[in-house]
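Here are the chains, one letter per residue:
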Amino acid sequence: RKEMEETSARVMEMVELVPVTRAHALEDEEVAKMSGQLFAVAEKGYKLDLIQALFGSVGWAVFQIFQVICLAFTGYLAIGGKIQAGDITLYQSYFATVVNQVSSIVTLLPTIAKGIESVNSIGEVLLSEDIEDNEGKEKLEQVTGTFDFEDVCFHYKNNEHNVLNHLNLHVKSGETIALVGESGAGKSTILNLVIGFNQAESGKVLIDGKDISKIDLRTYRKHLAVVPQTSILFSGTIRDNITYGCENVSEEELQKVIKAANLSNLIASLPKGLDTMVGEHGGKLSGGQRQRISIARALIRNPKVIVLDEATSALDSISEKLIQQALNNLTEGRTTFIVAHRLSTIRDADRIAVIADGRCAEYGTYEELMALQGEFYQLKQIQS
Ligand SMILES: Nc1ncnc2c1ncn2[C@@H]1O[C@H](COP(=O)(O)OP(=O)(O)OP(=O)(O)O)[C@@H](O)[C@H]1O
Ligand SMILES: [Mg+2]
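Residues numbered from 1 in each chain as written. Chains lettered and ligands numbered in written order. Predicted model: local features only at pLDDT ≥ 70, side-chain atom pairs only at ≥ 80, totals over all residues. Heavy atoms only, no water.

### Some thoughts on the overall build of the protein
Okay, so step 1: Tallying secondary structure elements over the protein gives 14 helices and 10 strands in all.
Okay, so step 2: Taken against the 2.2 N^0.38 rule, which gives 21 Å for 384 residues, the C-alpha radius of gyration of the protein at 30 Å runs more than 25% over that of a compact globule.
Okay, so step 3: Here the protein holds 384 residues, and the buried ones make up 43% of them.
Okay, so step 4: For the protein, contacts bridging at least 24 residues in sequence account for 72% of all contacts bridging at least 6.
Okay, so step 5: Once the 37 positive and 50 negative side-chain charges of the protein are each reduced to a mean point, those two points are 4 Å apart. (Helix = DSSP H or I, 4+ residues; strand = E, 2+ residues; numbered from the N terminus. Rg over C-alpha atoms; globule rule 2.2 N^0.38 Å. Buried < 20%, exposed > 50% of the residue type's maximum accessible area, 1.4 Å probe, protein only. Contact = heavy atoms within 4.5 Å. Lys, Arg positive; Asp, Glu negative; His and termini not counted. Charge placed at Lys NZ, Arg CZ, Asp CG, Glu CD.)

### Re helix 11 (residues 317-331)
Okay, so step 1: Taking 1.5 Å of rise per residue, the 15 residues of helix 11 would be expected to cover 21 Å, and the 21 Å separating its terminal C-alpha atoms lies within 8% of that figure.
Okay, so step 2: Inspection of helix 11 places Ser319, Ile323, Gln324, Ala326, Leu327, Leu330 and Thr331 among the buried residues, and these make up the whole buried set.
Okay, so step 3: Once helix 11 finishes, glycine 333 follows within two positions and takes phi at roughly 75°, a positive value. (Expected span 1.5 Å × (residues − 1).)

### Structural notes on the nonpolar core
Okay, so step 1: Residues Ile242, Leu263, Leu330, Ile352 and Phe376 are the most contacted members of the largest nonpolar core, which totals 40 residues.
Okay, so step 2: Among the elements that make up this core, the one with the highest residue count is helix 10 (residues 287-300) (6 residues).
Okay, so step 3: For isoleucine 242, the residues in contact, after removing those within four places along its chain, are Leu254, Val257, Ile258, Leu263, Leu274, Ile293, Ala296, Arg297 and Ile300. (Core = buried A, V, L, I, M, F, W, Y, C linked by side-chain atoms within 4.5 Å.)

### Examining the pattern of salt bridges
Okay, so step 1: The final tally for this structure, using the stated rule, is 8 salt bridges.
Okay, so step 2: Notably, a salt bridge pairs arginine 218 with glutamate 27, separated by 3.3 Å at the nearest N-O pair. You can see arginine 218 sitting in helix 6 (residues 217-221) and its partner glutamate 27 sitting in helix 2 (residues 27-79), a full 191 residues away along the chain.
Okay, so step 3: We classify arginine 218 as partly exposed; its relative accessible area is 25%.
Okay, so step 4: The salt bridge involving glutamate 310 is made with arginine 342; its shortest N-O contact spans 3.3 Å. With glutamate 310 in the loop between strand 7 (305-309) and helix 11 and arginine 342 in the loop between strand 8 (335-339) and helix 12 (343-348), this pair connects stretches of sequence that are 32 residues apart.
Okay, so step 5: Classification of glutamate 310 as buried rests on a relative accessible area of 2%.
Okay, so step 6: Assessed through its relative accessible area of 9%, arginine 342 is described here as buried.
Okay, so step 7: Through salt bridges that share partners, Arg239, Glu251 and Asp275 make up one connected network. (Salt bridge = Lys/Arg side-chain N within 4 Å of Asp/Glu carboxyl O.)

### A short note on the sheet that holds strand 10 (residues 359-364)
Okay, so step 1: Pairing in this open sheet of 6 strands is mixed, and the strands run 6-7-8-3-9-10 from one edge to the other. Of all the strands in the sheet, just strand 6 (224-227) and strand 10 have a single pairing partner and so form its edges. Strand-to-strand, the axes of this sheet are offset by a mean angle of 20°, without reference to chain direction.
Okay, so step 2: Of the pairings in the sheet, the one linking strand 3 (residues 176-180) to strand 8 comprises 4 bridges and is parallel in character. Along strand 8, the bridge assignment pairs alanine 178 with isoleucine 338.
Okay, so step 3: Contacts between helix 11 and the sheet are confined to strand 3, strand 6, strand 7 and strand 8, with strand 7 contributing the most and set at about 150° to the helix. (Pairing = 2+ DSSP bridges. Axes fitted to C-alpha atoms, helices over the stretch in contact; angles between N-to-C directions.)

### Remarks on the site of ligand 1
Okay, so step 1: The environment of ligand 1 is made up of Tyr156, Asn158, Asn159, Val163, Glu182, Ser183, Gly184, Ala185, Gly186, Lys187, Ser188 and Thr189.
Okay, so step 2: A distance of 2.6 Å separates an oxygen atom of ligand 1 from a polar side-chain atom of serine 183.
Okay, so step 3: Taken by itself ligand 1 offers 630 Å² of open surface, and the protein chains cover 64% of this.
Okay, so step 4: Tallied by class, the residues present in the shell around ligand 1 amount to 3 nonpolar, 7 polar and 2 charged. (Near = heavy atom within 4 Å. Polar contact = N/O pair within 3.5 Å; in protein donor to acceptor, adjacent residues only side chain to side chain. Areas by Shrake-Rupley, 256 points an atom, 1.4 Å probe, with all protein chains shown as cover. Nonpolar A, V, L, I, M, F, W, Y, C, P; charged D, E, K, R; others polar.)

Structure follows, in structure tokens:
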């Protein structure tokens, strides 16, 4: 029971983590980690199946015998004149009702067994090949981090509306580009094109001049770090959450990352330090602390490319400052795509792209766009 509950919690967390797992090309590691627990559950499930099969067949026989005995008993009573012959059917149907109720409880057990089976398929989902075909594609050993969107069009399958409509965008290596625009403008969609979760319908997305649809995405993603809009932590220690997917991290490296992510004070204040359990979904930490752990997780990969969907939730100014510093440390010298909501992030970006009507409506530095007094200027007027 306990194992099953634990596993289902782990599976839930794992499912939530899937975007991060895949974006960081860690599918194999995750499956290996999970399979131990899955086997334990599978064994439990197998035993349960056996018991249930036994219970089911023996139960059926017992019920049948029970009814025969009842029939004999009522028959005996009828012969003795205690009840009328017609009442036998009545009593038989009572007995049948009782038997049905009991057996319906028994049939609940297969449902439980099915639950266990579905656990097994999670691994298959992660590794499923039809989502992505990397076989035989060019492997990227090195990534410089230059991106080109050339006339990219994109719409979601279940939606006719063109989210991206001939989008053109050039991002230099090492540059931070802030994507701004109204809700639903397509900012997250662009990030998913960068990760390779979305594929351009027409036009091209080029990384270092190579068409992203023609490269082995797993090799590219080794150089990529993703910081999602909501920080996704799993139950475990702070250390586990930071080093997720990175083995053999030296203590020195870890300390450097903790400092850069502005986590030193937090960790020093905890009795167990790095080995503090964060609780389910990191529930024992504040939103700002979770975000900084997310940033540390990105930093430790020492990526070439960063994809960051800034959280919209408001933070107090101290927390915001801590995150801002951590972000600056993260993005330095790396190509960064950031969906920016905070003014400070927008100001710190090298370039700003205003996304509207499925394309890049305005592009330039903060000063340039403010001077232009166009869409960006208006967006800022509304916000402040
Ligand atoms: N998985 C999906 N399936 C179908 N339509 C989608 C899907 N994801 C997004 N869309 C649609 O595509 C459009 C762009 O969505 P996107 O998430 O890129 O917007 P966004 O600019 O990131 O917005 P926000 O600032 O609110 O996060 C929206 O109209 C949205 O309804
Ligand atoms: Mg979004």
